[in-house]
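These are the residues of each chain, in order.
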Amino acid sequence: MSHHANPRSLLTPAMRGVLDRIARAGHPPMHALSPDQAKRAYEAGAEVLDIPPHKLARVEDLAIPTRDGHQIPARLYAPARPDQGMLPVLLYFHGGGFTVGSVATHEALCRHLAHLSHGAVVSVDYRLAPQWKFPTAVEDAWDSLVWLREQGQTLGLDTTRIAVGGDSAGGTLAAVTAIGARDADWPLCLQLLFYPGCAGHQNTPSHHTFAKGFLLEEAHISYFFGHYLRTPADRDDWRFAPLDGRGEDGFERDLDGVAPAWIGLAECDPLTDEGVRYADKLRMAGVAVDLEIYAGVVHGFIQFGRAIPEALTSHNDAARALRAAWQR
């Protein structure tokens, strides 16, 4: 995306109105808060613009064991099961810069995806920074896939039809988990990525164009990554940067044979360029990619369904991709 003389002119009127209302509310910026305060502030604001939670036949709290002996919470959202049938399942990782966010903040989204896709969603409360640094979130995400493959059938889930997905930092975790699944020879139906972080360094044109005034600001990105990463070297690890990071052998990970992807990006988002580049890299590796760029909206828009029509459009597009992938 080229440098735009007045990038705010790209915003839809509704999106501009939301950003103006947020600015007028005058809350301190997240990067001015301690991580605990930031977690609480994000939690408190999560439902303000989101759609009301959809009623579902099944909502169950789960506990997933991890490799280091922890139990991480997760929640299953599912429509009614077909007669004796097994439901396909989306393993979902919430956004929040690896530092904020939870199953609770993404509940309305996950309920709606379960309703629209006619499948189950398992949303994972992976451990957050700064208490838990990289690569704990990555390992928790992987361990949740291991657990789902082993235990899913006892929950009425079809473990031959698993998709992984997430938004923002959760999109990073989903992309990385999809590469790990390819390495393990575990077929996944789909990777569902809403504006994922993909690159180790924030130097693309969209990072410059949308650095300030478009909700996810450069200062927030630096704040999150400062809490999550142990050292600057972690930026160049493929488990943080699936686009351009490297493995222990010093080489970039190839993407041949990873799961097909549905990628939904926001036009006015610092992460747009790396999302497009990741889509291109997947296509170059022969992976089927469905890329949607929602015009005039900012990072986080999928949770603004009360105010931003593109939020519900994106939910429907993502659910359609899930249904198609589960039918293949």
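Please refer to the structure higher up on the page.
Residues numbered from 1 in each chain as written. Predicted model: local features only at pLDDT ≥ 70, side-chain atom pairs only at ≥ 80, totals over all residues. Heavy atoms only, no water.

J.: I'd like a description of the sheet that holds strand β6 (residues 190–194), backed by residues and values.
T.: Taken in spatial order, the eight strands line up as β1-β2-β4-β3-β5-β6-β7-β8 in an open sheet, and their pairing is mixed. With one partner strand each, in any of the chains shown, β1 (58–65) and β8 (289–298) form the two edges of the open sheet. The sheet shows a mean angle of 20 degrees between the axes of neighbouring strands, direction not considered. Sheet analysis places strand β3 (residues 87–93) next to strand β5 (residues 157–167), joined by six bridges and oriented parallel. Its bridge partner being in β5, L87 is matched across the sheet by L157. Helix α5 (residues 169–184) contacts β3, β5 and β6 of the sheet and is inclined by roughly 135 degrees relative to β5. Along the sheet, helix α8 (residues 272–284) contacts β6, β7 (261–268) and β8; its crossing angle with β7, the most-contacted strand, is approximately 155 degrees. (Pairing = 2+ DSSP bridges. Helix = DSSP H or I, 4+ residues; strand = E, 2+ residues; numbered from the N terminus. Axes fitted to C-alpha atoms, helices over the stretch in contact; angles between N-to-C directions. Contact = heavy atoms within 4.5 Å.)

J.: How would you summarise the pattern of salt bridges if you had to cite specific residues and measurements?
T.: Overall, the coordinates contain 20 salt bridges when judged by the stated rule. In this structure, E107 and R75 form a salt bridge, with 2.5 Å as the shortest nitrogen-oxygen distance. Of this pair, E107 sits in helix α3 (residues 107–117) while R75 sits in strand β2 (residues 71–78), placing them 32 residues apart in sequence. Put simply, D158 and R161 hold a salt bridge, and the shortest N to O gap is 2.8 Å. Residue class for D158 comes out buried when judged on its relative accessible area of 16%. Given the relative accessible area of 24%, R161 is considered partly exposed. What you see here is one network of salt bridges that share partners, running through D61, R75, E107 and R111. (Salt bridge = Lys/Arg side-chain N within 4 Å of Asp/Glu carboxyl O. Buried < 20%, exposed > 50% of the residue type's maximum accessible area, 1.4 Å probe, protein only.)

J.: Lay out the pairing of β2 in plain terms, naming residues and giving numbers.
T.: Across eight bridges, the pairing between β1 and β2 is antiparallel. Following the sheet pairing, P65 is matched in β2 by Q71. Pairing of β2 with strand β4 (residues 120–124), which is carried by four bridges, proceeds in the antiparallel orientation. Of the residues in β4, the one forming a bridge with L76 is V122.

J.: I'd love a proper account of the nonpolar core, names of residues and values included.
T.: Residues V122, L157, Y228, Y278 and L282 are the most contacted members of the largest nonpolar core, which totals 67 residues. It is α5 that contributes the most residues to this core, eight residues altogether. If you look at the next biggest cluster of nonpolar residues, it comprises 38 residues, including Y77, A163, F210 and A266. (Core = buried A, V, L, I, M, F, W, Y, C linked by side-chain atoms within 4.5 Å.)

J.: An account of the environment of V100 is requested, with residue identities and associated values reported.
T.: If you trace the backbone, V100 turns up in the loop between β3 and α3. Owing to a relative accessible area of 0%, V100 belongs among the buried residues under this scheme. Residues V100 and L291, 191 residues apart in the sequence, show an inter-C-alpha distance of 27 Å. Each residue touching V100, except ones within four places of it in the same chain, is listed here: M30, A38, K39, Y42, H94, G95, L128 and F224.

J.: If you had to explain the pairing of β5 to someone new, which residues and values would you point to?
T.: Counted residue by residue, β5 has nine buried out of eleven residues, so it is predominantly covered. Bridge analysis of β5 against β6 gives five bridges, and the strand direction is parallel. Counted as the bridge partner of A163 is L190 from β6. Each parallel crossover has a hand, and the one from β5 via α5 to β6 is right-handed. (Right-handed = clockwise from strand over helix to strand, strands pointing away.)

J.: Lay out α3 in plain terms, naming residues and giving numbers.
T.: Burial analysis of α3 places ten of its eleven residues in the buried class, the great majority of the element. Within the span of α3, buried status applies to E107, A108, L109, C110, R111, H112, L113, A114, L116 and S117. Along its buried surface, α3 packs onto β1, β2, β3, β4, β6 and α9 (309–327). H118 sits one or two residues past α3 and shows a positive phi near 60 degrees.

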